[in-house]
Amino acid sequence: MDPADDRRDLILVVDDDEDIARFVEFNLRLHGFDVVHAGDGQEALEVIERQRPDLAVVDLMMPRIDGLELTRRLRADPMTAALPVIMLTAKGLTVDKVHGLSAGADDYLVKPFDTAELVARVSSTLRRNKEFREVSPLTGLPGNSRIRREIADRIRGGTDYAVGYIDIDRFKSVNDRYGFVRGDDFISALARTLHRAVVSVGLPPAFLGHVGGDDFVFVCAPDQVLPLTSRVSADFEKAADALYDPSDRERGFVELPDRRGNIRRAALVTLSIGVSVSDGNKRITSPLEAMTTASEMKTVAKSQPGSYVAVDRRRGVGDPHHRHVK
């Protein structure tokens, strides 16, 4: 058993109010957690880089970087995207809760709160996150910690490798049109097509992980990238077409009301894939860099129409962009 499994969970408390921070820290320590404190969002980012906490309790209103901006930054970085965040808000206004949750917070607490509620929220959020991080309940695929280990193993082994970061374009339109249950069907379809693609590229075995939501990661040999991404793009678009209502599929778009009640059209889903490559031209020697570069390339792919894979041009793998269409 990994000795790290026996360590106490480390909670980061981010609040510029020393009294509240001390109150939260005291009660969390009393219930068996380790605690580290940061006075604002900027300091929190520095602490997270050094110490990798298991959960962050973040105040909404702070100087420099506030709770919303901190949460957005954490969600934008592949290595902190899965860090659970509980937002502290000083008033019970619904708008604060909505803003906090839309920025990516997992839960919220309204001040003043009691000790029992604090500990219950921290414990339940940690438990949910751990269950999801090791194996996704939806897809059965390994999560973030296992993905990092896989990349680290390839780095230690000294072999050439590629990391692909993949998600579904306009996935929100599916949830908005049909609800989350149908949305999960799209995620499961992507998991199945990725699994088939990983098997089809043969040896050496490619690795497949589920970051969360519609975000997946594959790790493979550089020459497996194109056959793998070509297969998954073609297969997923076929599978996704079958999940749309026939009328939407035939039209080629779904109609959704916006907040003002106007109807907008959203095209059918496609895939964006970003790839970083570590080979003789350029070695990537940290899982963080491999994941961050792949995530950056996925952003490049998002700017292109249709299912698209963008390979980092700095790695010397020829043409950086390979577009896949139905």
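What you see is a predicted model, and the numbers here were worked out from it, not measured in a lab.

When helices and strands are counted, the protein chain shows 11 helices and 13 strands. Relative to its full complement of 326 residues, the protein chain shows a buried share of 50%. Sequence separation of 24 or more characterises 66% of the internal contacts of the protein chain that already satisfy a separation of 6 or more.

Next up on the list: the pattern of salt bridges. When their charged atoms lie close together, side chains carrying opposite charge are able to pair. One pass over the structure, following the stated rule, counts 26 salt bridges. The salt bridge partner of Arg8 is Asp34, with a shortest N-O separation of 2.9 Å. With Arg8 in the segment before β1 (10-14) and Asp34 in strand β2 (residues 34-38), this residue pair connects regions lying 26 residues apart in the sequence. Asp34 gets classed as partly exposed once you look at its relative accessible area, which sits at 27%. The shortest N-O distance in the salt bridge between Asp169 and Lys302 comes to 2.7 Å.

Residue pairs spaced three or four apart in an α-helix point in one direction, given the helix's 3.6 residues per turn. With 21 residues, helix α8 (residues 180-200) ought to run about 30 Å at 1.5 Å a step, and its terminal C-alpha atoms sit 30 Å apart, in line with that. Gly183, Phe186, Ile187, Ser188, Ala189, Leu190, Ala191, Thr193, Leu194, Ala197 and Val198 are the residues of α8 that are buried. Backbone geometry just after α8 places Gly202 at a positive phi near 70 degrees.

In strand β5 (residues 107-110), alternate side chains face the same way, and those of Asp107 and Leu109 are buried while those of Tyr108 and Val110 on the opposite face are not. Here strand β4 (residues 85-89) runs beside β5; their pairing, made up of 4 bridges, is parallel. Directly across from Met87, in β5, lies its bridge partner Tyr108.

A separate point is the packing of aromatic side chains. All told, the structure shown has 3 aromatic pairs when counted by the stated rule. Judged by centre distance (6.2 Å) and plane angle (50 degrees), the rings of Phe23 and Phe113 are tilted. One end of the pair, Phe23, is in helix α1 (residues 18-30); the other, Phe113, is in the loop between β5 and α5 (115-134), with 90 residues separating them in the sequence. Owing to a relative accessible area of 11%, Phe113 belongs among the buried residues under this scheme. Ring geometry for Phe186 versus Tyr244: centroids 5.3 Å apart, planes at 80 degrees, classification edge-to-face. With a gap of 58 residues between them, Phe186 in helix α8 and Tyr244 in the loop between α9 (225-243) and α10 (246-251) connect regions that are remote in the sequence. For the pair Phe186 and Tyr244, one class covers both residues: buried. The structure contains a cluster of three or more aromatic residues connected by ring pairs, namely Tyr178, Phe186 and Tyr244.

Further remarks concern the sheet that holds β4. Read across the sheet, 5 strands follow the order β2-β1-β3-β4-β5 without closing on themselves; strand pairing throughout is parallel. Of all the strands in the sheet, the pair left with one neighbour each is β2 and β5. Neighbour to neighbour, the strand axes of the sheet diverge by 20 degrees on average, direction disregarded. Packed onto the sheet, α1 meets β1 and β2 and runs at close to 170 degrees relative to β2. Along the sheet, helix α3 (residues 67-76) contacts β1, β3 (55-59) and β4; its crossing angle with β4, the most-contacted strand, is approximately 170 degrees.

Where helix α2 (residues 41-51) meets α3, the axes come as close as 9 Å, and the angle between the chain directions of the two elements is 30 degrees. Classified by the interaxial angle, the pair formed by α2 and α3 is roughly parallel. The two elements α2 and α3 meet at a crossing, and its hand is right-handed. In this structure, α2 uses Gly41, Ala44, Leu45 and Ile48 to contact α3, whose residues at the interface are Leu70, Arg73 and Leu74. For the contact of α2 with α3, the residue count by class is 5 nonpolar, 1 polar and 1 charged.

This part is about the confidence of the model for the protein chain. In this model, the protein chain carries a mean pLDDT of 83, and residues with pLDDT of at least 70 account for 87%. Confidence drops under a pLDDT of 50 for residues 1-5, and excluding neighbours within four residues, the segment shows 1 contact in the predicted structure. Across residues 315-321 the pLDDT falls below 50, and counting only partners more than four positions away or on other chains, this stretch makes 23 contacts in the model.

What follows covers the pairing of strand β6 (residues 161-169). The element β6 is extensively covered by neighbouring structure, given that 9 of its 9 residues are classed as buried. Pairing analysis gives 9 bridges linking β6 to strand β11 (residues 270-278), with the strands arranged antiparallel. Bridged to Gly164 within β11 is Val275. The sheet contact formed by β6 and strand β8 (residues 215-220) spans 5 bridges and is antiparallel. When the bridges of β8 are listed, Gly164 appears paired with Phe218.

Calculation rules
Residues numbered from 1 in each chain as written. Predicted model: local features only at pLDDT ≥ 70, side-chain atom pairs only at ≥ 80, totals over all residues. Heavy atoms only, no water. Helix = DSSP H or I, 4+ residues; strand = E, 2+ residues; numbered from the N terminus. Buried < 20%, exposed > 50% of the residue type's maximum accessible area, 1.4 Å probe, protein only. Contact = heavy atoms within 4.5 Å. Salt bridge = Lys/Arg side-chain N within 4 Å of Asp/Glu carboxyl O. Expected span 1.5 Å × (residues − 1). Pairing = 2+ DSSP bridges. Phe/Tyr/Trp six-rings, centres within 6.5 Å; stacked < 30°, edge-to-face > 60°. Axes fitted to C-alpha atoms, helices over the stretch in contact; angles between N-to-C directions. Parallel < 35°, antiparallel > 145°, perpendicular 65-115°, else oblique. Left-handed = near helix turned anticlockwise from the far one by under 90°. Nonpolar A, V, L, I, M, F, W, Y, C, P; charged D, E, K, R; others polar. pLDDT = per-residue confidence, 0-100.

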